[in-house]
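# A look at the structure
This is what each chain is made of:
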Amino acid sequence: MTGNGTTNGAAERTAADSGAELAGQVALVTGATSGIGRATALALAGLGARVLVSGRDEERGGQVVAAVRAAGGTADFVRADLRDEASARALARQATALAGRVDILVNNAGVFPFGPTAETAEYDFDAVFGTNVKAPYFLVAELAPAMAARGGGAVVNVTTMVAEFGAAGMSLYGASKAALRLLTQAWAAEFGPSGVRVNAVSPGPTRTEGTAGMGSALDELAKGGPAGRTAGPEEIAETIAFLASPRASFVHGALLPVDGGRLAV
Ligand code: NAP
């Protein structure tokens, strides 16, 4: 347990002591330079995967790679600014060229600007959908067929609890993640018969660099759920790692809420 009462779980395990259930597998984690993505990269590396850490910030990416290596894992940084089809396909091709294959794709990179619908500019709309929907769409388009051809693979999409209910000020963000939730189900139908499992986690309020500026508003959001507190990024990463692992071998097209119970009440 850590000081804030969260468990580090898979993030603390090394490939050696975990039985290395993802040994020999290559995992591409988008948005792995920060928050939930960084914790996911550490968790997957702890299970034995070779992790491709992706993001825009090379310095923080290098720090995540160093942390994985210090824990006995294998990682490389692949820079990408995910906004459109071209940037997504370029990342997929670069990752495949570097590691030879991608067995696990975690679509975690995301932006979450909040604000009134009346004040949202078309530029912001396109930017949110570009990073949160278009990039995952074309990453899957580029990588899932190769997974299917090999007869197996896993995709985990990171959505949000505010894709599941209406929240003032979160129309654009929630709608983009609701699209990703539907894509999770559509891709499960499309690629599942070829052995590619596609699932999603729906996090609740989680303490990350991205939410640091929200201050007490994050705590207020968290109070609506039975757990009554915010999550640590490792708690979300643990579930992502589970869905990516063979332990979830019969889980297809699921949306797993990791939100302290907020969607249940
Ligand atoms: P974060 O700390 O802000 O990290 C976001 C990550 O996404 C960073 O690694 C960032 O890369 C990357 N990213 C952003 N825009 C990008 C772009 N255009 N191209 C490539 N990478 C980009 O966020 P977080 O809180 O960990 O959130 C991670 C995911 O969980 C997001 O999809 C978010 O919507 C979702 N989520 C978060 C919460 C929460 O409360 N934290 C709740 C529900 C869902 P650089 O830093 O290198 O630029």
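First, a word on what this report is: a plain description of the structure on this page. (Residues numbered from 1 in each chain as written. Predicted model: local features only at pLDDT ≥ 70, side-chain atom pairs only at ≥ 80, totals over all residues. Heavy atoms only, no water.)

Okay, the site of the ligand next. Around the ligand, a shell composed of 32 residues is seen, among which T33, S34, R56, Y173 and T208 lie nearest. Measuring from an oxygen atom of the ligand, one finds a side-chain N or O atom of S34 at 2.6 Å. Separating an oxygen atom of the ligand from a side-chain N or O atom of R60 is a distance of 3.0 Å. Cavity membership is defined here by more than half of the atoms lying within 2 Å of grid points; on that basis the ligand lies in the largest pocket. Secondary-structure elements contributing two or more residues to the shell around the ligand are α1 (35-46) and α5 (171-191). Its residues placed into classes, the shell around the ligand shows 11 nonpolar, 15 polar and 6 charged. (Near = heavy atom within 4 Å. Polar contact = N/O pair within 3.5 Å; in protein donor to acceptor, adjacent residues only side chain to side chain. 1 Å grid on protein atoms, 1.4 Å probe; cavity = no way out; pocket = protein on both sides within 12 Å on 5 of 7 lines; lining within 4 Å. Sits in = over half its atoms within 2 Å of the grid points. Helix = DSSP H or I, 4+ residues; strand = E, 2+ residues; numbered from the N terminus. Nonpolar A, V, L, I, M, F, W, Y, C, P; charged D, E, K, R; others polar.)

Moving on to the packing of α1 against helix α2 (residues 58-70). Any two packed helices are characterised by how steeply their axes cross, that is the angle between the axes, and by the distance between the axes. The geometry of α1 relative to α2 is characterised by a closest axis approach of 10 Å and an angle of 25° between their N-to-C directions. Viewed along their axes, α1 and α2 adopt a mutual orientation that is roughly parallel. Once α1 is placed against α2, the crossing between them reads as right-handed. Contacts between α1 and α2 involve R38, A41, L42 and A45 from the first element and V64, A67 and V68 from the second. Partitioned by chemical class, the residues of the contact of α1 with α2 number 6 nonpolar, no polar and 1 charged. (Axes fitted to C-alpha atoms, helices over the stretch in contact; angles between N-to-C directions. Parallel < 35°, antiparallel > 145°, perpendicular 65-115°, else oblique. Left-handed = near helix turned anticlockwise from the far one by under 90°. Contact = heavy atoms within 4.5 Å.)

What follows covers the nonpolar core. Counting residues in hydrophobic clusters, the biggest one holds 33 residues, and the most contacted among them are L44, V51, V53, V201 and I240. Breaking this core down by element, the ones donating at least two residues are β1 (26-29), α1, β2 (50-55), α2, β4 (104-107), β5 (153-158) and α7 (233-244). Judged by nonpolar contacts, the second largest core, of 31 residues, contains L91, A95, A109 and V196. (Core = buried A, V, L, I, M, F, W, Y, C linked by side-chain atoms within 4.5 Å. Buried < 20%, exposed > 50% of the residue type's maximum accessible area, 1.4 Å probe, protein only.)

You can see D219 is positioned in helix α6 (residues 216-222). Residue class for D219 comes out partly exposed when judged on its relative accessible area of 31%. Excluding residues that lie within four positions of it along the chain, D219 makes contacts with R207 and T230.

Inspection of the secondary structure puts T208 in the loop between β6 (196-203) and α6. A C-alpha to C-alpha distance of 21 Å links T208 and A127, two positions 81 residues apart in sequence.

What follows deals with the packing of aromatic side chains. Per the counting criterion, the structure on display carries 6 aromatic pairs. An angle of 5° between the planes, with centres 4.8 Å apart, marks the rings of F125 and F129 as stacked. With F125 and F129 both in helix α4 (residues 122-150) and 4 residues apart, this pair spans about one turn of that helix. Classification of F125 as partly exposed rests on a relative accessible area of 41%. On the basis of relative accessibility, which here comes to 22%, the residue F129 falls in the partly exposed class. Geometrically, the ring pair formed by Y137 and W187 is tilted, given 5.9 Å between the ring centres and 55° between the ring planes. Within this pair, whereas Y137 is found in helix α4, its partner W187 is found in helix α5, the two being separated by 50 residues in sequence. Taken together, F112, F114 and Y173 form an aromatic cluster joined through their ring pairs. (Phe/Tyr/Trp six-rings, centres within 6.5 Å; stacked < 30°, edge-to-face > 60°.)

What follows deals with the packing of α4 against α5. Two elements in contact, α4 and α5, have axes whose closest approach is 9 Å; the angle formed by their N-to-C orientations is 15°. Classified by the interaxial angle, the pair formed by α4 and α5 is roughly parallel. For α4 against α5, the interelement crossing comes out right-handed. Counted together, D124, F125, V128, F129, N132, V133, P136, Y137, V140, A144 and P145 of α4 and L172, Y173, A175, S176, K177, A179, L180, L183, W187 and F191 of α5 form the full contact between these two elements. Broken down by class, the residue content of the contact of α4 with α5 amounts to 17 nonpolar, 2 polar and 2 charged.

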